[in-house]
Amino acid sequence: MSGDDGLAARTGTLRRVMRARDPAEEHRSATPLELLFDLTFVVAVSQAAAQLHHALAEGHVGDGLIGYAAVFFAVWWAWMNFTWFASAYDTDDAPYRLLTLLQMAGVLVLAAGVPDAFQDGDFSVVVIGYVLMRLALIAQWLRAAAEHPEGRGTALRYAAGITVAQAGWIARLWTSGAWAPATFVLLVAAELAVPAWAEFRGGRPTTWHPRHIAERYGLFTIIVLGEVILASLTAVQSALGDHGLSATVLLIALGGLLLVFALWWLYFTGGEAELATLRTALTWGYGHYALFAALAALGSGLEAALDAAEHHAHLSERSAALAVALPVVAVLLLLGAVHRMTGAGAVGHGLLVSAGALVVLALGFSPALFGLGGAVFAMGLAVAATLAANVAALRHRARSPR
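These notes cover the structure that comes with them. (Residues numbered from 1 in each chain as written. Predicted model: local features only at pLDDT ≥ 70, side-chain atom pairs only at ≥ 80, totals over all residues. Heavy atoms only, no water.)

Concerning the overall build of the protein
Helix and strand counts for the protein stand at 13 helices and 0 strands. Written out in order from the N terminus, the α and β elements of the protein read α-α-α-α-α-α-α-α-α-α-α-α-α. Here the analysis covers contacts within the protein between residues at least 6 apart in sequence; of these, 81% occur between residues at least 24 apart. Surface summary for the protein: the accessible area is close to 17200 Å², and the carbon and sulfur share equals 68%. Side chains of the protein give 23 positive and 28 negative charges; the mean places of these two sets differ by 12 Å. (Helix = DSSP H or I, 4+ residues; strand = E, 2+ residues; numbered from the N terminus. Contact = heavy atoms within 4.5 Å. Areas by Shrake-Rupley, 256 points an atom, 1.4 Å probe, with all protein chains shown as cover. Lys, Arg positive; Asp, Glu negative; His and termini not counted. Charge placed at Lys NZ, Arg CZ, Asp CG, Glu CD.)

Okay, structure coming up:
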C-alpha cells in the first residue's frame, strides 16, 4: 500500500477501490475501527459468560456448557472471519465502514438473544444476529471479487460458501428433537470448511498479514481477560454488599487476579507467533475458539465460586472449585499447543504447562482440605509458578549458544 493509500485509509475516504493489502506491509497494526468492532463483540462474550455463570450457580452444568459452546461459536466465528478478511482487504472507506457497522449491529442483536437461547433453547434472535453479520461479510467478499480481479475466484468461493451456510442456519430454526443437535454439528463443520475450501481450491490465496493477525488475536485475548476481571469484580461487590469481607471472598478475589495476570503473561511470553503457512495459520486460528471460550468461562467459574462461598448457589464447594480449575487447565494446555505450533514459548513449554495444569486440576478437588478460597488462591499460585518456570526456561534458551 502506498503512502497516499495509507493516508486515505486512515482518514476514511468516501470510496476507494478495494485492493488486496501487502502481506509484508510495514507497521501493519489494528485500526480504530477494528478495536471498536472488538468491543461490540465482547458484549456478546460477556452475555454468554453471564448465562454460563447462572447455569453453573443453578447446578445446570451440562445444559449451560452446551448453550455456551453454541453461542460462543457464533460470536468467535463471526469475529474470526471479519478479522482475516480485514487483514487482507481493509480499505477503511465509507462502504467498508458501513458494512462493518452492520456486523457490529448484528452481534448486538445476537447478544440480546443469548438469555432466551440459554433459558428456553430459543436461538431465533441469536440466528438473526448471526446471519446479519454474515450477510455483511458476504457483501464484503462480493465487493472484493468485483474490484480485485486477481483474487476473484477465492472471494467468490468465500461468498458462496458463507451464503449456503446461512441458508442452513435459517432452515435449522424449524428443526426439533434429535435433528437439532445433529444439524448444528453439521452446519458448524460446513462453516469451518469454507476457508479451507476457498483458499486451497486453487487461484490466488487471500493476502492476510501474519503480524496483523497475531496482534488481533492478542488484543482479543486482552479484551476477554478484561471481561473476566469485570465479572469477578461484580461478584466480589455483591458478596461484600451481602455479608462484608470474609477470608474466603478475599482469597478467591486474590486467586482470580493472580490467574488472570499469570495467564495473560503466559499468552504473551516468548517470541512472536510464526504463521509461516496458511495451514499453520488456520489451525492456530481455529484453536483459539477453545482458548477464548475457556478464558471467558474462567470468569463464570470465579463468579460461581463466589456465589458458593456466600451460599447463593446450588453448587458444592468442590464443584465450584472445578468450575475455576477446568477452564484454567484448558487454557494452559491450549497455550502449550498454540505456542509449540508457532514457535513461541520456551523449550519444554508443553511439559511446563502440562505440569501446571495437573496441579491446578488436583487443586480443583481440594476444597475439603484447603477450603474453597484456599483452593482458588492455590490455583493462582500454581499458575504463577508455571509462569516463573516458563520465563526461566526462556532466559536459559536465550543464553544458550546456538
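Past the structure itself, the notes keep going.
Side note on empty space enclosed by the protein
Under the criterion given, the structure shown has 3 cavities of 30 Å³ or more. Of the pockets and cavities examined, the largest cavity occupies roughly 140 Å³. Taken together, 14 residues line the largest cavity, and the ones lying closest to its centre are Asn81, Trp84, Phe85, Tyr158 and Pro195. Secondary-structure elements contributing two or more residues to the lining of the largest cavity are α3 (61-89), α5 (124-147), α7 (179-200) and α10 (278-309). (1 Å grid on protein atoms, 1.4 Å probe; cavity = no way out; pocket = protein on both sides within 12 Å on 5 of 7 lines; lining within 4 Å. Points joined across faces, edges and corners; volume = space filled by probe spheres on them.)

Looking at the pattern of salt bridges
Counted under the stated rule, the structure contains 9 salt bridges. With a closest N to O distance of 2.7 Å, Arg21 and Glu25 form a salt bridge. A single burial state applies to Arg21 and to Glu25, both of which are buried. In this structure, Arg21 engages Asp90 in a salt bridge whose closest nitrogen and oxygen atoms are separated by 3.8 Å. (Salt bridge = Lys/Arg side-chain N within 4 Å of Asp/Glu carboxyl O. Buried < 20%, exposed > 50% of the residue type's maximum accessible area, 1.4 Å probe, protein only.)

Observations concerning the layout of surface pockets
Taking a probe equal in size to a water molecule and rolling it over the atoms shows the remaining empty space. Its boundaries defined by the atoms lining it, the largest pocket holds a volume of some 590 Å³. Ile66, Gly67, Ala117, Gly121 and Phe123 are the residues nearest the centre of the largest pocket, which is lined by 24 residues in total. For the lining of the largest pocket, the elements supplying multiple residues, two or more each, are α2 (32-57), α3, α4 (94-120) and α7. Here the lining of the largest pocket takes 5 residues from α3, the largest share from any one element.

Some details on α4
Compared with the 39 Å implied by 1.5 Å per residue over 27 residues, the 39 Å span of α4 between its first and last C-alpha is a close match. Largest kink in α4: about 35°, centred on Gly113, with the proline Pro115 one to four residues after it. Among the residues of α4, the N-terminal cap falls to Asp93, whose side-chain oxygen and the backbone nitrogen of Tyr96 are separated by 3.1 Å. Phi for Gly121, located one or two positions after α4, is positive at around 70°. (Expected span 1.5 Å × (residues − 1). Bend = angle between axes of the 7 residues up to and from the residue. Polar contact = N/O pair within 3.5 Å; in protein donor to acceptor, adjacent residues only side chain to side chain.)

Thoughts on the packing of aromatic side chains
Taken as a whole and assessed by the stated rule, the structure comprises 29 aromatic pairs. Taken together, a centroid distance of 6.1 Å and an interplanar angle of 55° make the contact between Phe72 and Tyr289 tilted. Of this pair, Phe72 sits in helix α3 while Tyr289 is found in helix α10, placing the two residues 217 residues apart along the sequence. On the basis of relative accessibility, which here comes to 22%, the residue Tyr289 falls in the partly exposed class. With a centroid separation of 5.3 Å and an interplanar angle of 50°, the aromatic rings of Trp76 and Trp77 are classed as tilted. You can call Trp76 buried: its relative accessible area is 3%. Site record: aromatic cluster; members linked through ring pairs are Tyr68, Phe72, Phe73, Trp76, Trp77, Tyr286 and Tyr289. Of note, Arg279 hangs over the ring of Phe200, and the distance from its end group to the ring centre comes to 5.3 Å. (Phe/Tyr/Trp six-rings, centres within 6.5 Å; stacked < 30°, edge-to-face > 60°. Lys NZ or Arg CZ within 6 Å of the ring centre and 35° of its normal.)

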